[in-house]
Structures are given as C-alpha cells and as structure tokens.
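# Working through the structure, step by step
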Amino acid sequence: MQLTVYNPQKGRLETIKAEFTKDNTTWFSNYSNNHDISMITDIDEDILISEFDYSYPFMIYGVSRSDIDFDQRKAKQLRHQYE
C-alpha cells in the first residue's frame with residue numbers, strides 16, 4: 001500500500017510502498033498519550049515508527065526492529081532523536 005511518511009534525513013514527506021505483516025511489524029497496545037508508539041515496521045533496511053495519533057510515521061534509515069530489541073520505549077527515544 002502507498003503510505004506518506006516523514007523522512008527526517010531528507011526533511012520532508014515522501015510516499016513509500018509499505019506492507020504490514022506479522023513478520024515485519026510489532027504492534028503495541030499500551031499507551032499513556034497519543035504520542036506513544038503504536039507500531040514499528042521493518043521496511044528493507046530501515047524502520048518505520050508510527051504513533052497512536054494521526055501524525056505521519058517516521059522513516060529512519062539503517063535501523064531495524066531487532067536493533068532496538070523490538071522495544072516501544074527505545075523506538076520512542078529513537079524517534080525523538082530525529083525531531
């Protein structure tokens with residue numbers, strides 16, 4: 001499916017093709033506010049970090065879910081490094 005994401009490395013929005021499956025995505029159901037992480041997805045060699053709100057997902061190069069131990073807290077920290 002076509003998905004608009006924010007690419008902080010380029011500083012702009014872009015459209016990518018993404019597929020969300022149980023093999024490439026970790027979903028989280030616990031959150032205390034809308035800016036908590038709802039899912040992390042491996043896209044090729046990169047990671048897509050999505051929040052519980054309607055903001056654009058973040059695409060971060062060179063990081064995978066296993067690099068951050070499939071951890072919601074580490075994903076949030078990684079996302080904040082690129083704000």
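Everything below is about the structure printed above this text.
Reading the values: rules and limits
Residues numbered from 1 in each chain as written. Predicted model: local features only at pLDDT ≥ 70, side-chain atom pairs only at ≥ 80, totals over all residues. Heavy atoms only, no water. Buried < 20%, exposed > 50% of the residue type's maximum accessible area, 1.4 Å probe, protein only. Helix = DSSP H or I, 4+ residues; strand = E, 2+ residues; numbered from the N terminus. Arc of directions from axis to C-beta. Contact = heavy atoms within 4.5 Å. Polar contact = N/O pair within 3.5 Å; in protein donor to acceptor, adjacent residues only side chain to side chain. Core = buried A, V, L, I, M, F, W, Y, C linked by side-chain atoms within 4.5 Å. Phe/Tyr/Trp six-rings, centres within 6.5 Å; stacked < 30°, edge-to-face > 60°. Lys NZ or Arg CZ within 6 Å of the ring centre and 35° of its normal.

Let us now look at helix 1 (residues 72-81). Each α-helix turn comprises 3.6 residues. Residues three or four places apart therefore point the same way. By the burial criterion, the buried members of helix 1 are Gln72, Ala75, Leu78 and Arg79. Take helix 1 and look down its axis: the buried residues cluster within an arc of 120 degrees, on one side only. Helix 1 presents Arg73 and Gln81 as exposed residues on the side facing more than 90 degrees away from its buried surface. In this structure, the buried side of helix 1 is in contact with strand 4 (37-43), strand 5 (46-51) and strand 6 (58-60). Two to three positions downstream of the cap, the backbone nitrogen of Arg73 sits 2.9 Å from a side-chain oxygen, assigning the N-cap of helix 1 to Asp71.

Okay, the nonpolar core next. Counting residues in each nonpolar core, the largest one holds 11 residues, listed as Phe28, Ile37, Ile40, Ile47, Ile49, Phe58, Ile60, Val63, Ile68, Ala75 and Leu78. Leave out the neighbours within four places in its chain, and Leu78 touches Ile47, Ile49, Ile60, Val63 and Ile68. Counting 7 residues, the second-largest nonpolar core is a separate cluster that includes Val5, Ile43, Leu48 and Met59.

What follows covers unusual backbone geometry. Of note in the backbone geometry, Asp44 takes a positive phi value of approximately 55 degrees without being a glycine. Along the polypeptide, Asp44 turns up in the loop between strand 4 and strand 5. Although it is not a glycine, Phe70 adopts a positive phi angle of roughly 55 degrees. In this structure Phe70 comes out as partly exposed when scored by relative accessible area, which is 41%.

Let's shift gears to the side chain of Arg79. Along the polypeptide, Arg79 turns up in helix 1. Exposure remark for Arg79: the relative accessible area of 8% places this residue in the buried category. A polar contact is formed between the side chain of Arg79 and the side chain of Glu51, at a distance of 2.8 Å. Beyond its immediate stretch of four places on either side in the chain, Arg79 contacts Ile37, Ile49, Glu51, Phe58 and Ile60.

This next bit is on the packing of aromatic side chains. Evaluated as defined, the whole model comprises 2 aromatic pairs. Ring geometry for Tyr6 and Phe58: centres 5.1 Å apart, planes at 55 degrees, overall tilted. Linking Tyr6 in strand 1 (residues 2-7) with Phe58 in strand 6, this pair joins segments that are 52 residues apart in sequence. Phe58 gets classed as buried once you look at its relative accessible area, which sits at 6%. Between the NZ or CZ atom of Arg79 and the centre of the ring of Phe58, over which it lies, the distance is 4.0 Å.

Purely geometric numbers; function is a separate question.
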